[in-house]
Amino acid sequence: NCLYKIEDALNHSDISIEEAFKTVVDSIPPGWQYPDITRAKLEYKGMVIKNEDFQETLWFMRTDIRIGDDVYGHITVYYLKETRQFDEGPFLKEERKLLNTIAERLGHFIMHKDSFAFISELESIKGVSEGDIKHKWQVILDMLKKTDKSLFNTIIRKLLHNLCWQENKEAQL
């Protein structure tokens, strides 16, 4: 039920990131074996979403929210008091699997939101006049930075080298 509720929330394209994260955090405790003492915290780009009555304790499990090789945030599940020991401290292996699945699903959601924002930006520059080349290049570089960092770094190095070769004073700084 925890995963179904999260999937349902993340499948709404009109939901904001904050609303989606709040739904995820609120859906986690009922999915754990001790829901009354379970609290969750989601961290993403400086944003922190927590359950009501949240407390950090010694009994927690954490996983990264990843897109590709990049870590975008973390989800941490805490027990408010000590319980008996299971597979991973007080947590079951099924809870670890569930937390990893939630993090993976959040990574897909974030990637979808970023892609949608990028496509919207591309659509908005279609109407820009031909004279505004700088803005178009910025969009292309932003896309490369998000999708292929290695290629982005190579192109930036070559551009900088070319500008220095042309004796551009700003590039030489």
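Heads up: the structure comes first, above all this text.
Here is a short report on the structure shown in this document. (Residues numbered from 1 in each chain as written. Predicted model: local features only at pLDDT ≥ 70, side-chain atom pairs only at ≥ 80, totals over all residues. Heavy atoms only, no water.)

Moving on to the overall build of the protein chain. Of regular secondary structure, the protein chain possesses six helices and four strands. Along the protein chain, from the amino end to the carboxyl end, the secondary structure elements read α-α-β-β-β-β-α-α-α-α. In the protein chain, which comprises 173 residues, the proportion classed as buried is 34%. Relative to all contacts within the protein chain whose residues are 6 or more apart in sequence, the contacts with residues 24 or more apart total 55%. Taken as a whole, the protein chain presents about 11,400 Å² of accessible surface, with 53% of it coming from carbon and sulfur. (Helix = DSSP H or I, 4+ residues; strand = E, 2+ residues; numbered from the N terminus. Buried < 20%, exposed > 50% of the residue type's maximum accessible area, 1.4 Å probe, protein only. Contact = heavy atoms within 4.5 Å. Areas by Shrake-Rupley, 256 points an atom, 1.4 Å probe, with all protein chains shown as cover.)

Our next topic: the pattern of salt bridges. Taken as a whole, this structure holds four salt bridges when the rule is applied. In this structure, Arg-105 engages Glu-7 in a salt bridge whose closest nitrogen and oxygen atoms are separated by 2.7 Å. Residue Arg-105 is located in helix α3 (residues 93-125), and its partner Glu-7 is located in helix α1 (residues 2-10); the two are separated by 98 residues in the primary sequence. Classification of Glu-7 as partly exposed rests on a relative accessible area of 26%. Between Glu-56 and Lys-41 there is a salt bridge, and its shortest N-O distance comes to 2.5 Å. (Salt bridge = Lys/Arg side-chain N within 4 Å of Asp/Glu carboxyl O.)

Read from one edge of the open sheet, four strands run β2-β1-β4-β3, paired in antiparallel fashion. The strands lining the two open edges of the sheet, one partner per strand, are β2 (47-50) and β3 (59-67). Adjacent strand axes in the sheet meet at a mean angle of 15° when their direction is disregarded. Sheet topology note: the strand β1 (residues 38-44)/strand β4 (residues 70-79) ladder contains seven bridges and is antiparallel. Across the sheet, the residue bridging to Leu-42 is Ile-75, located in β4. (Pairing = 2+ DSSP bridges. Axes fitted to C-alpha atoms, helices over the stretch in contact; angles between N-to-C directions.)

Sheet topology places β3 next to β4; nine bridges connect them, and they run antiparallel. Within the sheet, the bridge partner assigned to Arg-66 lies in β4 and is Val-71. Between β3 and β4, which pair antiparallel one after the other, the connecting turn spans two residues, and Gly-68 there sits at a positive phi close to 65°.

A separate point is the pairing of β1. With six of seven residues buried, β1 lies mostly within the body of the structure. The hairpin formed by β1 and β2 contains two residues between the paired strands, and Lys-45 there has a positive phi angle of roughly 45°.

Time to look at the packing of aromatic side chains. Tallying each qualifying case throughout the model produces five aromatic pairs. Ring geometry for Tyr-79 and Phe-91: centres 4.4 Å apart, planes at 20°, overall stacked. With Tyr-79 in strand β4 and Phe-91 in the loop between β4 and α3, this residue pair connects regions lying twelve residues apart in the sequence. For Tyr-79, a relative accessible area of 0% puts it in the buried group. Members of the aromatic cluster, each reached through a chain of ring pairs, are Tyr-34, Tyr-79 and Phe-91. (Phe/Tyr/Trp six-rings, centres within 6.5 Å; stacked < 30°, edge-to-face > 60°.)

Turning our attention to the nonpolar core. Phe-21, Trp-32, Leu-42, Ile-75, Ile-102 and Leu-106 are the most contacted members of the largest nonpolar core, which has 31 residues in total. Breaking this core down by element, the ones donating at least two residues are α1, α2 (17-27), β1, β3, β4 and α3. Looking at this core element by element, the count peaks at seven residues for α3. In this structure Ile-75 touches Ile-28, Lys-41, Leu-42, Met-61, Arg-62, Thr-63, Ile-65, Leu-99, Ile-102, Ala-103 and Leu-106, once residues within four positions along its chain are discounted. (Core = buried A, V, L, I, M, F, W, Y, C linked by side-chain atoms within 4.5 Å.)

A few words on the packing of α1 against α2. At a minimum axis distance of 9 Å, the contact between α1 and α2 shows a crossing angle of 175°. When the interaxial angle is binned, α1 and α2 end up roughly antiparallel. Contact with α1, carried on its side by Cys-2, Lys-5, Ile-6, Ala-9 and Leu-10, involves Ala-20, Thr-23, Val-24 and Ser-27 of α2 and no other residues of that element. Taken together, the residues of the contact of α1 with α2 sort by class into six nonpolar, two polar and one charged. (Parallel < 35°, antiparallel > 145°, perpendicular 65-115°, else oblique. Nonpolar A, V, L, I, M, F, W, Y, C, P; charged D, E, K, R; others polar.)

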